[in-house]
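# Observations on chain architecture
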Amino acid sequence: MTTALDALDALESESIHIFREVAGEFDRPVILFSGGKDSTLLVHLAVKAFAPAPVPFPLLHVDTGHNFDEVIDFRDAVVERFGLRLEVAKVQDYIDDGRLLERADLTRNPLQTQPLLDAIVDNKFDAVFGGGRRDEERARAKERIMSLRDAFGRWDPRKQRPELWNLYNGRHAPGEHVRVFPISNWTELDVWRYIQRENIELPTIYYAHRREVFKRDGMWLTEGPWFGAGAGETLEDRSVRYRTVGDGSCTGAVESTATTLDEIIAEVTASRLTERGATRADDRLSEAAMEDRKREGYF
């Protein structure tokens, strides 16, 4: 007698299958890892996929230099705990030597594309795992699980390959690579329920805490090396948490008192906005901001 998989078991099984498929088909895969919840989930699934052997490929972090300290500390702790190799591509290095110019708004998220593409070429990575999910944003909803990028790292949504019956096509020409999204079919709620089930540790800023923040364009931002409160903006001490983490200049917090996983799950269940829609200023630059960046080679 067989037992039917529950929803989380089915999602986990699909993701582990994808990791193993890529390990068998590609020569030099890498996992994009920032220390955020989705990339931490990727590492957890990769560890499960290959246990008791070690994860057979490295991690890559495209570091904007505008990260939350809690997240960088957590990133390094995860690398040490699992004995992983971490490659770091630094936006600051590109600014220092003139390959990139600091933006007037001091937001560095759009500046990650060139360091990412250079790291892929320099390390000859042919498969790049990312934590993108289809429920996050309309451009990411167009992605296949295995998404071909051309020799310039560009994505063409019109050339997406069909994926039927969990059959994935990783074929690529020399110089091209494939972006792989093992948790494409997960929702934010699935991620939190799985984190609770598996007792996965996360950076503390995902839980409610006191922080000085100021309101800009409807979002609660915090001061840092990127910028501070401007004219007419007042710092306020509030109970907040982060639904997603990234460049501190464009990642907002949400007001929250959720300090436990049960409380976070209840909060996410009641929300009508995705985490990116609620807290990422870079996605508000235009209606097609994410798709434009993906065409250029962004995650």
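For the structure, check the block above.
Attention here is on the structure that accompanies the text.

Each value, and the rule that gives it
Residues numbered from 1 in each chain as written. Predicted model: local features only at pLDDT ≥ 70, side-chain atom pairs only at ≥ 80, totals over all residues. Heavy atoms only, no water. Helix = DSSP H or I, 4+ residues; strand = E, 2+ residues; numbered from the N terminus. Expected span 1.5 Å × (residues − 1). Buried < 20%, exposed > 50% of the residue type's maximum accessible area, 1.4 Å probe, protein only. Contact = heavy atoms within 4.5 Å. Polar contact = N/O pair within 3.5 Å; in protein donor to acceptor, adjacent residues only side chain to side chain. Salt bridge = Lys/Arg side-chain N within 4 Å of Asp/Glu carboxyl O. Axes fitted to C-alpha atoms, helices over the stretch in contact; angles between N-to-C directions. Parallel < 35°, antiparallel > 145°, perpendicular 65-115°, else oblique. Nonpolar A, V, L, I, M, F, W, Y, C, P; charged D, E, K, R; others polar. Phe/Tyr/Trp six-rings, centres within 6.5 Å; stacked < 30°, edge-to-face > 60°. Pairing = 2+ DSSP bridges. Patch = residues over 30% accessible without salt bridge, like charges linked within 9 Å, V, L, I, M, F, W, Y side chains within 5 Å. Areas by Shrake-Rupley, 256 points an atom, 1.4 Å probe, with all protein chains shown as cover.

## Digging into helix α1 (residues 7-25)
With 19 residues, α1 should reach 27 Å at 1.5 Å per residue; the first-to-last C-alpha distance of 27 Å fits that figure. Taken residue by residue, α1 has Leu 8, Leu 11, Glu 12, Glu 14, Ser 15, Ile 16, Ile 18, Phe 19 and Val 22 as its buried positions. Turning to α1, the residues buried within the fold contact β1 (29-32), α2 (37-50), β4 (127-129), β5 (146-149), β6 (177-180) and α6 (188-198). Where α1 begins, one side-chain oxygen reaches toward the backbone nitrogen of Leu 8, 3.2 Å away; that side chain belongs to Asp 6.

## Things to note about the environment of Arg 133
Relative to the helices and strands, Arg 133 resides in the loop between β4 and β5. Taking the C-alpha atoms as reference points, Arg 133 and Phe 181, 48 residues apart in sequence, are found 7.4 Å from one another. The residues touching Arg 133, leaving out its near neighbours within four places in the chain, are Lys 37, Asp 38, Arg 140, Ile 183, Ser 184, Trp 186, Thr 187, Glu 188, Val 191 and Glu 275. One polar contact links Arg 133 to Asp 38, side chain to side chain, over a distance of 2.9 Å.

## Side note on the pattern of salt bridges
Close approach of charged atoms allows side chains with opposite charge to pair. Per the stated rule, a full pass over the model turns up 25 salt bridges. Linked through salt bridges whose partners overlap, the residues forming this network are Asp 6, Asp 9, Glu 12, Lys 48, Arg 197 and Glu 198.

## Thoughts on the side chain of Thr 251
Among the structural elements, Thr 251 can be located in the loop between β9 (236-241) and β10 (254-255). For Thr 251, a relative accessible area of 0% translates into the label buried. Within the local environment of Thr 251, its side chain forms a polar contact with the backbone oxygen of Asp 247, the two atoms lying 2.9 Å apart.

## So, the packing of α6 against helix α7 (residues 261-270)
Look at α6 against α7: their axes get within 10 Å of each other, and the N-to-C directions meet at 170 degrees. Considering the angle they form, α6 stands roughly antiparallel to α7. Between α6, through Glu 188, Leu 189, Trp 192, Arg 193, Ile 195 and Gln 196, and α7, the contact on the second element is made entirely by Leu 261, Asp 262, Ile 264, Ile 265, Val 268 and Thr 269. A per-class count over the contact of α6 with α7 returns 7 nonpolar, 2 polar and 3 charged.

## Section: the packing of aromatic side chains
Counted according to the given criterion, the structure contains 10 aromatic pairs. Relative to Phe 57, the ring of Phe 19 has its centre 6.5 Å away and its plane inclined at 15 degrees; by these criteria the two rings are stacked. Here Phe 19 is found in helix α1, whereas its partner Phe 57 is found in the loop between α2 and β2 (59-63), with 38 residues between them in sequence. Owing to a relative accessible area of 0%, Phe 19 belongs among the buried residues under this scheme. Here the aromatic rings of Phe 57 and Phe 129 are separated by 5.3 Å at their centres, their planes lie at 35 degrees, and the arrangement is tilted. Linking Phe 57 in the loop between α2 and β2 with Phe 129 in strand β4, this pair joins segments that are 72 residues apart in sequence. Here Phe 129 falls in the buried class, since its relative accessible area comes to 0%. Here a set of aromatic residues connected by ring pairs shows up, and it is made of Phe 19, Phe 50, Phe 57 and Phe 129.

## Section: the sheet that holds β2
What the 6 strands build is an open sheet, ordered β3-β2-β1-β4-β6-β5; its pairing is mixed. Only two strands of the sheet have a single partner each, and these edge strands are β3 (86-90) and β5. Here the average twist between neighbouring strands, direction ignored, is 30 degrees. Packed on one face of the sheet, α2 meets β1, β2 and β4 and runs near 140 degrees to β1.

## Considering α6
Helical geometry note: an α-helix holds 3.6 residues per turn, so side chains three or four residues apart project in the same direction. All of the buried residues along α6 are Glu 188, Leu 189, Asp 190, Val 191, Trp 192, Tyr 194 and Ile 195. Following α6 by one or two positions, Asn 199 has its phi on the positive side, about 55 degrees.

## Considering a nonpolar patch on the surface
On the surface, a cluster of nonpolar side chains totalling about 420 Å² of accessible area is made up of Leu 164, Trp 165 and Leu 167. With respect to the helices and strands, Leu 167 occurs in the loop between β5 and β6.

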